[in-house]
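This is what each chain is made of:
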Amino acid sequence: MSAFRLENVRLATCLGDGYGLIDDGVIDVADGVIQFVGGRAEAPPTSAEIIDGHGGVVTPGLIDCHTHLVWAGDRANEFAQRLHGVAYADIATAGGGIASTVRATRAATQEQLVQQTIPRLLALIREGVTTIEIKSGYGLSLEHERKQLRAARQLSQQYPIDVVTTLLAAHAIPPEFAGDADGYIQVVTDTIIPKLVAEGLVDAVDAFCEKVGFTPAQTKRVFEAAKAAQKPVKLHAEQLSNQQGSALAARYQALSCDHLEYLDEDGVRAMAASGTVAVLLPGAFYFLRETKLPPIDLLRQYQVPIAVATDANPGTSPIMSLQLMLQMAATLFRMTPEECLRGVTCHAAQALGLSDRGKLAPGLRADLCLWDVTDPAMLAYQFGTNPLHACWIQGQRR
């Protein structure tokens, strides 16, 4: 379908500070691009196909801006062990934790990674996700980080979804570098980043700045290498402690800082000044039974854009539902329904450095979701009954 008009809908444009609602709305699409957004009375004449939305709500296509979707194996046995009282440290000492996912991912072929990821990706597609970020970080070597990123790119070729790839080689210390984090970071900065960027596999570079991850000094080295490769940066920051990673990332104009439970006012202020998006991950907060809430009020006070994502991964957020994240962001973090929707549309787009989507406006990509609801608050209000009626990506119904 090259051109169509969607009418008899409520448009949640995500323009302005709230939903940007337009009642009795019309949206015109041609050649994959939005041509007109407005009320029926202002709509221009058209000869395009008319689609009746039957009073439903239209939003931008949803964007999951933080996932680790490509991995092999699972960690269900560790989940069970923890519930039986085994300490996480003991599981890690026995070879569990991220090390077990690294072993499984390294042992898998690219095609095996793709096949294991497909059900996860389809679950997100069924809920209206039109753009997804997929990080590497379970390979922790040039060969296997390349394999993860290639698998992510292959998925974008096989399924109707846009995939943004993020290199997260600085996720953990691989077993062959045990006790030598600086040595591994040297490999990341001198080999992995430049080579994989040159191969066209990297859209952004991420790192895990934490006491159990990498120090601010090591993170800075990663950022410098990304800057030299002309790639934007992101950061896993302030999840378990305050390492001032967000302020460091802001100095490099990071696209986003993610998790942020221990973020302080200095970090918020730095993010506000640099335009860095705060990506909140309620799934990990829930799964780990955290009690330290991210500083929502401070983020609001400094007008830092807030995005919401699944953090889909095998260890701390094995959740493939962005709709559930809307509900969790509202109930656990007390975000408003408007903030929740903007968190998976316009602010999620900003967290990926994408200015061509995330809102309903002329000239933007026609990534659209039509929902069988009359109030967009329903998207954050309930969970378990998927209200998605139809979805278009670049004007093509999928």
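What you see is a predicted model; the values in this text were computed from it and never measured.

1. Things to note about the UniProt feature "binding site: Zn(2+)" (unreviewed entry) in the chain
And step 1. Mapped onto this numbering, the UniProt entry gives "binding site: Zn(2+)" (unreviewed entry) at His-66, His-68, His-236 and Asp-311. Judged by maximum C-alpha separation, these annotated positions cover 246 residues in sequence but sit close together in space, the widest gap being only 12.2 Å.
And step 2. Structurally, the position occupied by His-66 is in the loop between strand S6 (62-64) and helix H1 (76-83).
And step 3. We classify His-66 as buried; its relative accessible area is 0%.

2. Describing the sheet that holds strand S11 (residues 256-259)
And step 1. In spatial order, the strands read S6-S7-S8-S9-S10-S11-S12-S13; together these 8 strands make up an open sheet with parallel pairing. In this open sheet, the two edge strands, each paired with only one partner strand, are S6 and strand S13 (306-308). Going from strand to strand, the sheet's axes swing by 25 degrees on average, the running direction of each strand aside.
And step 2. In the sheet, strand S8 (residues 162-170) pairs with strand S9 (residues 204-209) via 3 bridges, with the strands oriented parallel. Bridge pairing in S9 links Thr-166 to Ala-204.

3. Examining the packing of helix H6 (residues 181-198) against helix H7 (residues 216-228)
And step 1. Interhelical geometry of H6 versus H7 gives an angle of 10 degrees and a closest axis separation of 9 Å. Relative to H7, H6 is oriented roughly parallel. Counted together, Ala-181, Asp-182, Ile-185, Gln-186, Val-188, Thr-189 and Ile-193 of H6 and Gln-218, Arg-221, Val-222, Ala-225 and Ala-226 of H7 form the full contact between these two elements.
And step 2. For the contact of H6 with H7, a count of residues per class yields 7 nonpolar, 3 polar and 2 charged.

Rules and cut-offs
- Residues numbered from 1 in each chain as written.
- Predicted model: local features only at pLDDT ≥ 70, side-chain atom pairs only at ≥ 80, totals over all residues.
- Heavy atoms only, no water.
- UniProt positions renumbered as here; feature names shortened; annotations may be inferred.
- Helix = DSSP H or I, 4+ residues; strand = E, 2+ residues; numbered from the N terminus.
- Buried < 20%, exposed > 50% of the residue type's maximum accessible area, 1.4 Å probe, protein only.
- Pairing = 2+ DSSP bridges.
- Axes fitted to C-alpha atoms, helices over the stretch in contact; angles between N-to-C directions.
- Parallel < 35°, antiparallel > 145°, perpendicular 65-115°, else oblique.
- Contact = heavy atoms within 4.5 Å.
- Nonpolar A, V, L, I, M, F, W, Y, C, P; charged D, E, K, R; others polar.

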